[in-house]
Amino acid sequence: MSREDVYRRQNMGNASGIGARCALVLVDFVNGFVDENAFGGPHIEAAARATEPLLAAFRERRLPVAHSRVVFADDGADRNVFCLKVPPLLTLTETSQASQIVPGLVPVAGERIVRKTVASAFFSTGLAEWLRMQGADTAVVVGCTTSGCVRATVVDAMQHNFRTVVIEDCVGDRALEPHEANLFDMRQKYADVMTRDAFLYQLSRS
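The structure displayed is predicted, hence computed values, not measured ones.

## Some words on the sheet that holds strand 1 (residues 22-27)
Sheet architecture is open: 6 strands sit in the order 3-2-1-4-5-6, paired in parallel fashion. In the strand order of this sheet, the two ends are held by strand 3 (112-116) and strand 6 (192-194), each with one partner. Neighbouring strand axes in the sheet, compared pairwise and without regard to direction, differ in orientation by 25 degrees on average. Bridging between strand 5 (residues 163-172) and strand 6 involves 3 bridges; their strand directions are parallel. Within strand 6, the position partnered with Val 165 by the bridge is Asp 192. Contacts between helix 3 (residues 44-60) and the sheet are confined to strand 1, strand 2 (65-70), strand 4 (138-144) and strand 5, with strand 5 contributing the most and set at about 135 degrees to the helix. Across the sheet, helix 7 (residues 176-189) touches strand 5 and strand 6, and the angle it forms with strand 5 is around 165 degrees.

## Some points on the side chain of Ser 120
You can see Ser 120 is positioned in the loop between strand 3 and helix 5 (127-133). Overall, the relative accessible area of 6% leaves Ser 120 in the buried class. Polar contacts involving the side chain of Ser 120 include one to the side chain of Asp 156, which spans 2.6 Å. Not counting the four nearest positions on each side in its chain, Ser 120 is found in contact with Ala 152, Thr 153 and Asp 156.

Rules used in this analysis
Residues numbered from 1 in each chain as written. Predicted model: local features only at pLDDT ≥ 70, side-chain atom pairs only at ≥ 80, totals over all residues. Heavy atoms only, no water. Pairing = 2+ DSSP bridges. Helix = DSSP H or I, 4+ residues; strand = E, 2+ residues; numbered from the N terminus. Axes fitted to C-alpha atoms, helices over the stretch in contact; angles between N-to-C directions. Contact = heavy atoms within 4.5 Å. Buried < 20%, exposed > 50% of the residue type's maximum accessible area, 1.4 Å probe, protein only. Polar contact = N/O pair within 3.5 Å; in protein donor to acceptor, adjacent residues only side chain to side chain.

Below you can see the structure in the form of structure tokens.
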């Protein structure tokens, strides 16, 4: 029996679909996370580039867009347990180059910028409330890393009762194995997982 068979037998992996209004959530597409010598991995930069046409499509349709950044205080006053596991996170301060959103995805006026010190873009940030104020019922999640901040954001999006979509060619990780394993698991329990072009086709028909 394949791994897929187990989930099908338990009636998992069903589609939640796209609702009436989608919002794009870009998780931590910052300089430090596209740099393999800092926090990145070999295919995160490609995921960021693949996201550019997706972001353009959301802007063209005037749909809500939110970006997240990991930002700690200059003096480390807000250090937390996450920093015990990953001490270099404390270098991601408001003005550090590593914490700036990559040039191809820089926010424009009207887009929400979420500053966070944990994995999920939803945790204690007010993002869920902002998305509801924009009339969104579907969170389309891209960014990095697939097994870390993307997954945490996806789980919280579902727990806030948003239909959730992960764009598989617009997320990246430090290694292929956790990337693929987490895409598989999110597909079974938390989100629809599809390619950018497949999603854009659905969006054009909604």
